[in-house]
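Report on the structure
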Amino acid sequence: MTTASLNTQCKFSLRVNGCTTFPKISYPTHPGIYNTLETEQHVFHFNLNNEIIRAKGKDKNWRHPHEWFKRTMGNDWVYYSTGGYTGVFEATGEYYLPNFNYSSNNIIGGNPFKAKEISGFADDWFTFLQAAANAELYAPAERSFLYEVLLNNPTRLQAKAQLLHNIIGGQVSVLPPDARHVGYNLIPVTISRGCLYKCRFCSVKNNHPFTELPLTDIDQQIEELRRLYSNDLINYNAIYLGEHDALNAAPGTILHSIHKSYNRFGLYDSYLEGVSCFFFGSATSILEAPEQLFFELNQIPGMVYINIGLESPNQTTLDQLGKPITSAQVWDAFKRIQSLNRAYTHLEISVNFIMDENLPAAHYREVEQLIRDTEFFQQAKGTVYFSPLSFDKPSRSRMFEFNRLKLMSRFPTFLYIIQRL
Ligand code: SF4
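What you see is a predicted model; the values in this text were computed from it and never measured.

Considering the site of the ligand
Around the ligand, the neighbouring residues are C195, Y197, K198, C199, F201, C202, K205, H244, E311 and K323. Grouping the amino acids of the shell around the ligand by side-chain chemistry returns 5 nonpolar, 1 polar and 4 charged.

Pasting the structure below:
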């Protein structure tokens, strides 16, 4: 921290050294290096480009002192609630509950955006900041910080989010659930578009047939992202390789993209400890990927997380979902995934299954066979995520069903909350 002052209006702290990890603890921590500005009513945090990244209210109307707003690079405000600390960690693997002001499959928690002080803040934060920030009162370093903070107004932040989406070819409709390990704080690089199956049930797909991007396009993206994230690159230690089935790209493309991104973004010199890469795969791509790819991914410092959407091991359910794969592929994919998880310590491959009230009983019966009967002992890796089919419908009975599956599972088991970027 280089500067701190207090006067009648604002208190500043510039270049605060926050934590260097994303610890799973029951009170909020703030990873990275950031700047803060505190008024009588609010605390605002800014990244090293002086763009707002977090905020919370200080008065009694704020829902809970541990609850914060976080703004993503896609310019979404996400409200991190504690969920009353009842069952949140068991359900999500984290002590916070992200709440979105867009449609998601979240089945726990209420809707904090219905509260006036929450939705009002997401709309009015810049007005609060302008009202408090009278630059005349401050020292030169603080004045210049304030000047830049006020330049980064909502219009400019939205334009920057648009630029991010232009560079990577569109908004990321869903991030892998494993991205929770870095608080969803990652740099997206698109290496392929679309997916193989275009399943009927899926609400995050697009119309692109699966296409791999040329290396020249990927390299250009990386250079443009480097300029976009600029001074704040030091606060990143993770990338996401998009879109929906990056594992289906050629091994050379995957490895090139990881190495190039890590080096050009300077992730090995990040303020944050460790380096991670996240991407999606499918039953087809996990079955067809050569063993050598996993061997080489395992040689890369840090962790590589691959998330595979299997949805159901039951053929009737797959047909009902409109997912054009066979139950045999799902069983084979699950077995290969767990054998890869055992073989490679720097790799975790997680899987997703669907849950909903109206699925055939055989779906749950066969899911139970996979997550309970394929292993004798509790596993540390190979996380199983359950994704509720219907959106925005908190439901006690679905939570009950999830808890039942979690109790019998021999793998870490959590809910998959759909978050975009
Ligand atoms: S579930 Fe996966 S494979 Fe199926 S349509 Fe959605 S993104 Fe594509």
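What about the sheet that holds strand 12 (residues 238–242)?
The strand order across the open sheet built from 7 strands is 9-12-13-14-15-16-17, with neighbouring strands paired in parallel fashion. Two strands bound the open sheet, and with one partner strand each, they are strand 9 (187–190) and strand 17 (413–415). Neighbour-to-neighbour, the strand axes of the sheet open up by a mean angle of 25°, direction not taken into account. Bridge count between strand 9 and strand 12: 4 bridges; the pairing is parallel. Paired with T190 across the two strands is G242, which belongs to strand 12. Each of strand 9, strand 12, strand 13 (276–281) and strand 14 (303–311) touches helix 6 (residues 251–264); the most contacted strand, strand 12, lies at about 145° to it. Against the sheet, helix 11 (residues 361–373) makes contact with strand 14, strand 15 (347–355) and strand 16 (384–388), and its axis sits at roughly 160° relative to strand 15, the strand it touches most.

Considerations on the domain arrangement of the protein
Along its sequence, the protein is organised into domain 1 (3–153) and domain 2 (169–415). Its C-alpha centre places domain 1 at a distance of 29 Å from the equivalent point of domain 2. Each partner contributes to the interface: domain 1 provides 30 residues, whereas domain 2 provides 33 residues. Counting the surface lost from both domain 1 and domain 2, the interface buries some 2600 Å², and carbon and sulfur atoms represent 55% of this. Taken together, the connections running from domain 1 to domain 2 amount to 1 salt bridge.

Description of the pairing of strand 4 (residues 42–46)
Of all 5 residues in strand 4, 5 are buried, a share of seventy percent or more. On strand 4, burial covers both faces: H42, F44 and F46 on one face and V43 and H45 on the other are all buried. Relative to strand 4, strand 3 (residues 33–38) runs antiparallel, the two being bridged by 4 bridges. When the bridges of strand 4 are listed, E38 appears paired with V43. The loop that links strand 3 with its antiparallel partner strand 4 comprises 3 residues. Pairing of strand 4 with strand 5 (residues 52–57), which is carried by 5 bridges, proceeds in the antiparallel orientation. Bridging from a neighbouring strand, V43 pairs with K56 of strand 5.

Structural notes on the packing of aromatic side chains
All told, the structure shown has 26 aromatic pairs when counted by the stated rule. Ring centres 5.6 Å apart and planes at 20° place the aromatic pair F69 and F121 in the stacked group. Pair noted here: F69 is in strand 6 (residues 68–71) and F121 is in helix 2 (residues 116–132), with a separation of 52 residues, a long-range link. For the pair formed by F69 and F121, the shared burial category is buried. Their ring planes at 5° and their centres at 5.0 Å tell us that F278 and Y305 sit as a pair that is stacked.

Remarks on the pairing of strand 7 (residues 77–81)
The element strand 7 is extensively covered by neighbouring structure, given that 5 of its 5 residues are classed as buried. Where burial is concerned, the two faces of strand 7 agree: the one with W77, Y79 and S81 and the one with V78 and Y80 are both buried. Pairing of strand 6 with strand 7 involves 4 bridges; the strand directions are antiparallel. Within strand 7, the residue paired with R71 across the bridge is W77. In sequence, strand 6 turns back onto strand 7 through a hairpin of 5 residues, with N75 there showing a positive phi of about 65°. As judged from the 3 bridges shared by strand 7 and strand 8 (residues 97–99), these two strands associate in the antiparallel manner. In the strand pairing of strand 8, Y79 is matched with N99.

Details of the state of the cysteines
Tallying each qualifying case throughout the model produces 0 disulfides. C277 takes part in no disulfide bond, and the closest cysteine sulfur, belonging to C195, lies 19 Å away. On the basis of relative accessible area, C277 is assigned to the buried category, the value being 0%.

Describing the environment of Q320
Note that Q320 resides in helix 9 (residues 315–321). With relative accessibility at 42%, the residue Q320 sits in the partly exposed group. Separated by 149 residues in the primary sequence, Q320 and Q171 place their C-alpha atoms 28 Å from one another.

Some thoughts on unusual backbone geometry
Residue E243 is reached from G242 by a cis peptide bond, and omega for that bond is 0°. Looking at where E243 falls in the secondary structure, it is placed in the loop between strand 12 and helix 6. Unlike most non-glycine residues, N75 shows phi in positive territory, near 65°. Inspection of the secondary structure puts N75 in the loop between strand 6 and strand 7. Among the residues examined, N75 registers a relative accessible area of 16% and is labelled buried. Of note, the phi angle at K198 is positive, near 50°, even though the residue is not glycine. Residue placement: K198 occurs in the loop between strand 10 (192–193) and strand 11 (211–212). According to the relative accessible area criterion, K198 is partly exposed, its value standing at 28%.

About the criteria used
Residues numbered from 1 in each chain as written. Predicted model: local features only at pLDDT ≥ 70, side-chain atom pairs only at ≥ 80, totals over all residues. Heavy atoms only, no water. Near = heavy atom within 4 Å. Nonpolar A, V, L, I, M, F, W, Y, C, P; charged D, E, K, R; others polar. Pairing = 2+ DSSP bridges. Helix = DSSP H or I, 4+ residues; strand = E, 2+ residues; numbered from the N terminus. Axes fitted to C-alpha atoms, helices over the stretch in contact; angles between N-to-C directions. Contact = heavy atoms within 4.5 Å. Domains from an automatic or database assignment. Buried area = accessible area lost by both parts, 1.4 Å probe. Salt bridge = Lys/Arg side-chain N within 4 Å of Asp/Glu carboxyl O. Buried < 20%, exposed > 50% of the residue type's maximum accessible area, 1.4 Å probe, protein only. Phe/Tyr/Trp six-rings, centres within 6.5 Å; stacked < 30°, edge-to-face > 60°. Disulfide = S-S within 2.5 Å.

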